[in-house]
Amino acid sequence: MPETTTWESQTAVVAGGTGGLGSGVAEALARRKMRVLTLSRNAPAPGTAVREGIQHIVGDATDEVTAARVFDEIQPDLAVLCVGVQPLLRPLHLQTWETFSQAWEVDAKSAFVWLRNALLLPMKPGSHVIVVSSAAAIQGSVLSGGYAGAKRTQWFIAKYAALEAERMRLGLHIRCLLPMLTPTGIGKAAMAAYAARAGVSIDEFTKRFDPPVTPALMGQAVVDLHEDPAKWNQVAYKLDGHGLTAVA
């Protein structure tokens, strides 16, 4: 974030910012008085508490028109892509190609669509796109079909986009976050499935990931990356309960 720019003068769009780790991102940015817009396919449920400074827009993150409008009309200083499909938690031989490939059609496609449009517009110099992938991109995920491969592809797409932004001298910051498995959102069902596979209780399995990645920790990671991109100058960072670690 440029030294002359304040949080209050900036706008962020958080796709997937109404629940799970994405909600932690939206909350962290709103606390810094940033104008925050969350995006998801459905409107928040009636009665859902909305923090001051957070607005919601309905849209599909995999849709080209939605992405183009976000970058053209809203012109965010920060775009965070924190969307993903809930994979069918079964071993390979119990998947179909349709279930196996779900994450490619949502997770990988949304990263492609958003980063493509960020480069095409392009976003103004100093702007930032953060793609939330998964640590499964490093170590695989035997019970979730094509999920780990799609998450690895998100990482590749972020790296390719960063190279193009540098080549075209756009002044954009592009980062990819790889959070460890967490008992929040999609991760909750995955932990239960892996605990059953290992023949241990959910509590026992969950302890392997202490301290856990929480929405608040995810929010702080995004704040850190956006606040000081010169310090956090690698494309990809693993996020665990102890914080950020660069990965090559």
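Residues numbered from 1 in each chain as written. Predicted model: local features only at pLDDT ≥ 70, side-chain atom pairs only at ≥ 80, totals over all residues. Heavy atoms only, no water.

Novice: How do you make sense of helix α7 (residues 186–198) when you look at a structure like this?
Specialist: Structurally, the α-helix is built with 3.6 residues per turn, so residues lying three or four positions apart point the same way. Between the first and last C-alpha of α7 there are 19 Å, a value that for 13 residues agrees with the 18 Å anticipated at 1.5 Å per step. For α7, the set of buried residues is Gly187, Ala190, Met191, Ala193, Tyr194 and Ala195. Packing partners of the buried residues in α7 comprise α8 (202–206). Directly beyond the C-terminal end of α7, a positive phi value near 70° is found at glycine 199. (Helix = DSSP H or I, 4+ residues; strand = E, 2+ residues; numbered from the N terminus. Expected span 1.5 Å × (residues − 1). Buried < 20%, exposed > 50% of the residue type's maximum accessible area, 1.4 Å probe, protein only. Contact = heavy atoms within 4.5 Å.)

Novice: Can you walk me through the packing of helix α1 (residues 20–31) against helix α9 (residues 215–227) in this structure?
Specialist: How two helices sit against one another is set out by the angle between their axes and by the gap between those axes. Direction vectors running N to C along α1 and α9 enclose 55°, while the axes themselves pass 7 Å from each other. In this view, α1 runs oblique relative to α9, as classed from their interaxial angle. Read as a crossing pair, α1 and α9 show a hand that is right-handed. Across the interface between the two elements, Gly20, Leu21, Ser23, Gly24, Val25, Ala28 and Leu29 of α1 pack against Pro215, Met218, Gly219, Gln220, Val222 and Val223 of α9. Taken together, the residues that form the contact of α1 with α9 break down as eight nonpolar, five polar and no charged. (Axes fitted to C-alpha atoms, helices over the stretch in contact; angles between N-to-C directions. Parallel < 35°, antiparallel > 145°, perpendicular 65-115°, else oblique. Left-handed = near helix turned anticlockwise from the far one by under 90°. Nonpolar A, V, L, I, M, F, W, Y, C, P; charged D, E, K, R; others polar.)

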